[in-house]
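Commentary on secondary and tertiary structure
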Amino acid sequence: MKNCKLTMVLTLALVLILTTTAFAKVTILWRASDYTYVSSEHKDGLSFPYYGVASVKGTDRGVDDYGQLIYYSSTKITYDVQGDISFARARSKNEHDSRQVIKELTAYDKPNNGPKTRAYYSYETEPVTSNYKRNILNKTRVYTGLLEEGSTPVIGEILKIVK
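If you're wondering where the values come from, they're calculated on a predicted model, not measured in any experiment.

**A closer look at the overall build of the chain**
Scanning the chain from N- to C-terminus turns up 1 helix and 10 strands. The secondary structure elements of the chain, listed N-terminal to C-terminal, are α-β-β-β-β-β-β-β-β-β-β. Excluding contacts between residues fewer than 6 apart, the proportion of contacts in the chain whose partners are at least 24 apart in sequence is 55%. Of the roughly 10500 Å² of accessible surface on the chain, 55% is carried by carbon and sulfur atoms.

Structural data, given as structure tokens:
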């Protein structure tokens with residue numbers, strides 16, 4: 001008799017745990033390496049917040065459209081909650097900065113039937129000075145992107161270039 005009651009109580013507890021658990025979905029919005037990336041996390045459900053991460057490491061390298069060696073000087077995560085904009089930006093000190101800088105952001109949905117929350121990402125690049133060859137390229141480039149609800153971002157996709 002005691003085993004039957006104990007089994008029923010444990011079964012009920014397991015059902016309650018399974019029905020109240022929310023699963024988080026982490027999306028990498030953009031990534032250059034394991035240390036330089038922008039990500040967003042949101043649990044299933046309307047009342048759960050969005051968690052954004054902007055991370056950068058100055059010693060990470062890439063190549064721009066002109067074949068020039070660049071480093072990532074900053075990354076940024078931005079949330080647009082029905083016109084309320086919030087963001088977090090991680091900046092490296094310079095191209096020799098080997099520490100990973102991580103900035104986090106939390107945004108909350110509004111309890112109404114308004115537009116969906118949008119997550120944007122951007123990153124800035126600068127030429128590596130030891131390989132600097134062109135004066136015309138001595139500008140910071142800003143790349144921005146938007147993750148729409150239900151879309152899958154393309155890693156490294158450049159949606160807009162601002163010079």
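More follows now that the structure is in view.
**Quick notes on the pattern of salt bridges**
Throughout the structure, instances matching the rule amount to 4 salt bridges. Note that R91 and E124 form a salt bridge whose closest N and O atoms lie 4.0 Å from each other. One end of the pair, R91, is in strand β6 (residues 84-91); the other, E124, is in strand β8 (residues 118-127), and 33 residues separate them in sequence. A relative accessible area of 46% means that R91 is categorised as partly exposed. By relative accessible area, E124 is classed as buried at 18%.

**Some points on the side chain of S33**
Relative to the helices and strands, S33 is located in the loop between β1 (24-31) and β2 (37-43). A residue is classified by how much of its surface remains accessible, and S33, at 17% relative accessible area, is buried. At 3.0 Å, the side chain of S33 and the backbone nitrogen of Y35 are in polar contact. A distance of 3.1 Å separates a polar atom in the side chain of S33 from the backbone nitrogen of T36.

**Some words on unusual backbone geometry**
If you check the backbone angles, Q82 has positive phi at about 50° while not being a glycine. With respect to the secondary-structure elements, Q82 resides in the loop between β5 (69-81) and β6.

**Re the pairing of β8**
For a regular strand, side chains alternate in direction, first toward one face of the sheet and then toward the other. β8 sits mainly inside the fold: 7 of its 10 residues count as buried. In this sheet, β8 lies alongside β5 in antiparallel orientation, the contact comprising 10 bridges. Across the sheet, T78 pairs through a bridge with Y120, a residue of β8.

**Overview of the packing of aromatic side chains**
Tallied over the entire structure, the rule returns 4 aromatic pairs. Aromatic side chains W30 and Y123 sit 3.9 Å apart centroid to centroid with 15° between the ring planes, which places their arrangement in the stacked category. Of this pair, W30 sits in strand β1 while Y123 sits in strand β8, placing them 93 residues apart in sequence. Each member of the pair, W30 as well as Y123, is classed as buried. These aromatic residues form a ring-pair network of at least three members: W30, Y72 and Y123. Stacked on the ring of Y35, the Lys or Arg K57 has its end atom at 4.0 Å from the ring centre.

**Some remarks on the side chain of S40**
Looking at where S40 falls in the secondary structure, it is placed in strand β2. By relative accessible area, S40 is classed as buried at 7%. Only 2.6 Å separates the side chain of S40 from the side chain of Y79, close enough to count as a polar contact.

**Topic: the environment of T36**
Mapping T36 onto the fold places it in the loop between β1 and β2. Classification of T36 as buried rests on a relative accessible area of 0%. Sequence spacing of T36 and I102 is 66 residues, and the spatial spacing of their C-alpha atoms is 9.1 Å. When neighbours within four sequence positions are excluded, T36 is seen to be in contact with W30, R31, S55, V56, K57, D60, Y72 and T75. Of the polar contacts made by the side chain of T36, one reaches the backbone nitrogen of K57; its length is 3.1 Å. Of the polar contacts made by the side chain of T36, one reaches the side chain of D60; its length is 2.5 Å.

Procedures and definitions
- Residues numbered from 1 in each chain as written.
- Predicted model: local features only at pLDDT ≥ 70, side-chain atom pairs only at ≥ 80, totals over all residues.
- Heavy atoms only, no water.
- Helix = DSSP H or I, 4+ residues; strand = E, 2+ residues; numbered from the N terminus.
- Contact = heavy atoms within 4.5 Å.
- Areas by Shrake-Rupley, 256 points an atom, 1.4 Å probe, with all protein chains shown as cover.
- Salt bridge = Lys/Arg side-chain N within 4 Å of Asp/Glu carboxyl O.
- Buried < 20%, exposed > 50% of the residue type's maximum accessible area, 1.4 Å probe, protein only.
- Polar contact = N/O pair within 3.5 Å; in protein donor to acceptor, adjacent residues only side chain to side chain.
- Pairing = 2+ DSSP bridges.
- Phe/Tyr/Trp six-rings, centres within 6.5 Å; stacked < 30°, edge-to-face > 60°.
- Lys NZ or Arg CZ within 6 Å of the ring centre and 35° of its normal.

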